[in-house]
Amino acid sequence: MEIKKATRESYGEKLAELGEINKDIVVLDADLSSATKTNIFAKKFPDRFFDVGISEQNLMGIAAGLSTFGKIPYVSTFAMFAAGRAYDQIRNSIAYPNLNVKICATHAGITVGEDGATHQMIEDISLMRTIPNMTVICTSDDTQTRWAVEEISKIKGPVYLRLCRLATPIIYNKEQDFEIGKMVQIGDGTDATIFATGVTVSEALKAKEILKTKGIDIRVVDVCTIKPIDNEMIIKCAKETKKIITIEDHNIIGGLGSAICEVLTQEYPCKVIRMGIQDQFGRSGKAEELMKYYKIDADSIVEKLLDEN
Amino acid sequence: MKITKVEALKKIANDIRKGVIESVYNGKSGHPGGSLSCADILTVLYFNQMNLDPKEPLAEGRDRFVLSKGHCSPALYSTLAEKGFFDRKLLNDFRNINSNLQGHPDMNKIPGVDMTTGSLGQGLSVSVGMAIASKMESMGCRVYCLMGDGELEEGQVWEAAMAASKNKLDNLCVIVDNNNLQIDGSIKEVAGLTNIDSKFESFGFNVINVNGHDIEELIISFEKAKEVKGMPTAIIAKTIKGKGVSFMENQVGWHGKAPNKEEYEKAIQELNTNYIKLL
């Protein structure tokens, strides 16, 4: 049976492990620690965990203050309330002064599911990547998330780590190498490149298998770091493959698709098909149903590629 | 060096006010009203209370100051220059494209600035984080957060107030520059903001009401704040917006406007006259 795990789970577990090694790490949450999984750290290190209650603006400010004393705050709440509600605090109290705060936002995208549109953050990549000094990372599986949680503690400055609620397959073995600012190319098909991030990476990989049976050989590129973007990989794939598709659990405006287009329009103009939430709000439903409904699942990728052929 | 003589502190406050007028005049923009109203508070903090060394602006155990009402940067810059963190001449370049003295304080550009501020209502949360960090490491730092009264209309302030009291931050001291005026009018007219002291009290603060232009009273209040254990202190300082320049006093119009040449000269003359009185 395929092993599945949500990136928020991997985050919570790894954070508690990292807390053993790095004593500067403190963790803050806003009354969602059982959902963001910071409760694992909280149990282990109660003196380094702060639940500020339902006050996300305050959450970001306190983290900023702690970081000026050399602490490395990992701050968690839902993506909606981190990037959305506390945008000004992230921009002015964290990113502008370039403070060492790691914003690890869970429950991003429509894959939040049943809670519906108010809780489905589909604008956070856009909001976060347009802030100077900010690094934006969106992980696709357990291995990559565990790597990212540790890696971001080593870079100085603000980071937005986008995590998801939906359990998704484990893609990478433990030996896989990752690097901030580098995408991961999976396969070397030349019929199309699919740039995916977060929960859509495993969907793209499923689509790759289905398309193989139909004689179409695609490559999948896992965009783990959305900012800084890996220009080199984007241009290489545009040169080597016939089609470029982007897919994300995010509004097609301002997110991964836009980021890829920004590079290609300037460096290697070509057609880009952007799959994702088509500038509309989400709705309640099971995550898998919603992925189908909003056409960000494997079948939709297959359909799109067959249509385009 | 701690200055204890009230007359000496009054002279410093007067110099700080002159620095405010000079920087806003030369920068041709800025916020004189609220800067003048907090000049005495800053004087007492930087010259009588805070543990600071301008030669070591990043010293670990230093006390911290957060100017949550960041638009009153002229007062902070003038104070820092007076204290010796940088050359007073730099005040003349305030808000200039080549200057580090940004419209609102930038901690990465100016020695002595502990936090970047500007967007109102955010400084108290940051101060809470600093006070917690100091307690975690038993560093003994006191954290001072100066807020405007109009700024208290921001909801985040009360989120932070709750956190300060929950965490028993007796090393945190909020000072409200209660000059009663905001851009669109009085704080009561604009937003119905009243009873600032009882608001902080109900949020679990030790509250001290004080005349924010009385140096002695301010010193006593800060000393009392240090003695209180297990809870943060809020000093509600009654002040006059534009204090020290007669035609700016209590005038909303001087919130964010630079004086012209004639007004500048008149203001400096008044402050010079006041200084002579202090000799």
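Residues numbered from 1 in each chain as written. Chains lettered and ligands numbered in written order. Predicted model: local features only at pLDDT ≥ 70, side-chain atom pairs only at ≥ 80, totals over all residues. Heavy atoms only, no water.

What chain A contains, in helices and strands, is 13 helices and 14 strands. Taken against the 2.2 N^0.38 rule, which gives 19 Å for 309 residues, the C-alpha radius of gyration of chain A at 19 Å falls within 12% of a compact globule. In terms of its C-alpha atoms, chain A occupies a principal-axis envelope of roughly 55 × 40 × 40 Å. For chain A, the proportion of its 309 residues judged to be buried stands at 64%. When the accessible surface of chain A is split by element, carbon and sulfur atoms take 48% of a total near 11,800 Å². Charge separation in chain A, taken as the distance between the mean sites of 38 positive and 44 negative side-chain charges, equals 1 Å. (Helix = DSSP H or I, 4+ residues; strand = E, 2+ residues; numbered from the N terminus. Rg over C-alpha atoms; globule rule 2.2 N^0.38 Å. Buried < 20%, exposed > 50% of the residue type's maximum accessible area, 1.4 Å probe, protein only. Areas by Shrake-Rupley, 256 points an atom, 1.4 Å probe, with all protein chains shown as cover. Lys, Arg positive; Asp, Glu negative; His and termini not counted. Charge placed at Lys NZ, Arg CZ, Asp CG, Glu CD.)

Contacts between chain A and chain B engage 25 residues on the former and 28 residues on the latter. Between chain A and chain B the total buried area reaches about 2,000 Å² when both faces are included, carbon and sulfur atoms providing 60% of it. If you sort the residues of chain A by the area they bury against chain B, Asn58(A), Phe69(A) and Tyr96(A) come out on top, with a joint share of 31%. Our count for the chain A to chain B interface comes out at one salt bridge. Here Lys71(A) makes a salt bridge to Glu137(B), at a shortest N to O gap of 2.3 Å. At the boundary of chain A with chain B, the tally comes to eleven residue pairs in polar contact (both at pLDDT 80 or more). Among the secondary structure elements, those contributing two or more residues to the side of chain A that touches chain B are strand E3 (49–51), helix H4 (56–67) and helix H6 (87–95) of chain A. With eight residues, the single largest contributor to the side of chain A that touches chain B is H4(A). Tallied by class, the residues present in the side of chain A that touches chain B amount to nine nonpolar, ten polar and six charged. (Contact = heavy atoms within 4.5 Å. Buried area = accessible area lost by both parts, 1.4 Å probe. Salt bridge = Lys/Arg side-chain N within 4 Å of Asp/Glu carboxyl O. Polar contact = N/O pair within 3.5 Å; in protein donor to acceptor, adjacent residues only side chain to side chain. Nonpolar A, V, L, I, M, F, W, Y, C, P; charged D, E, K, R; others polar.)

Next up on the list: the pairing of strand E5 (residues 102–106) of chain A. All names here are of chain A. When you tally the buried positions in E5, you get five out of five residues, the bulk of the element. Side chains Lys 102, Cys 104 and Thr 106 of E5 all project onto a buried face; the interleaved residues Ile 103 and Ala 105 project onto the opposite face, where all are buried too. With five bridges connecting them, strand E4 (residues 72–78) and E5 associate as parallel partners. Residue pairing in the sheet places Val 75 in a bridge with Ile 103 of E5. Bridging between E5 and strand E7 (residues 159–162) involves four bridges; their strand directions are parallel. (Pairing = 2+ DSSP bridges.)

A low pLDDT means the predicted coordinates there should not be read in detail. When pLDDT is averaged along chain B, the result is 97, and 100% of the positions lie at 70 or above. Across the predicted assembly, pTM comes out at 0.97 and ipTM at 0.97. (pLDDT = per-residue confidence, 0-100.)

Take the domain arrangement of chain A next. The extent of an interface is frequently quoted as the accessible surface area lost upon association of the parts. Residues and elements named next belong to chain A. We note that the domain assignment places domain 1 (4–169) and domain 2 (184–308) within chain A. Each of domain 1 and domain 2 was reduced to a C-alpha centroid, and the two centroids are 25 Å apart. Contact residues are listed per partner, giving 33 residues for domain 1 and 37 residues for domain 2. Of all residues in domain 1, the largest losses of buried area upon contact with domain 2 belong to Ile 110, Ile 122 and Arg 129, amounting jointly to 28% of the total for that side. At the junction of domain 1 and domain 2, the tally comes to one salt bridge. (Domains from an automatic or database assignment.)

Residues and elements named next belong to chain B. The first and last C-alpha atoms of helix H5 (residues 123–136) sit 20 Å apart over 14 residues, in line with the 20 Å expected at 1.5 Å per residue. In terms of residue burial, H5 counts as a mostly covered element, since twelve of its 14 residues are buried. The complete set of buried residues in H5 reads Gly 123, Leu 124, Ser 125, Val 126, Ser 127, Val 128, Gly 129, Met 130, Ala 131, Ile 132, Ala 133 and Ser 134. The first or second residue beyond H5 is Ser 138, which carries a positive phi of 45°. (Expected span 1.5 Å × (residues − 1).)

Turning our attention to the environment of Leu36(B). Residue and element names in this part refer to chain B. Within the secondary structure, Leu 36 sits in helix H2 (residues 32–37). As for Leu 36 and Gly 155, which are separated by 119 residues in sequence, their C-alpha atoms are 26 Å apart. If we ignore the near neighbours within four places in the chain, the residues touching Leu 36 are Arg 17, Val 20, Ile 21, His 213, Gly 242, Lys 243, Val 245 and Met 248.

This part is about the environment of Arg64(B). The residue Arg64(B) is located in strand E1 (residues 64–67) in this model. For the pair Arg64(B) and Met115(B), spaced 51 residues apart in the sequence, the C-alpha separation amounts to 8.8 Å. Here Arg64(B) is in contact with Thr68(A), Phe69(A), Met50(B), Ala59(B), Asp114(B), Met130(B), Cys141(B), Arg142(B), Val143(B) and Tyr144(B), once residues within four sequence places are set aside.

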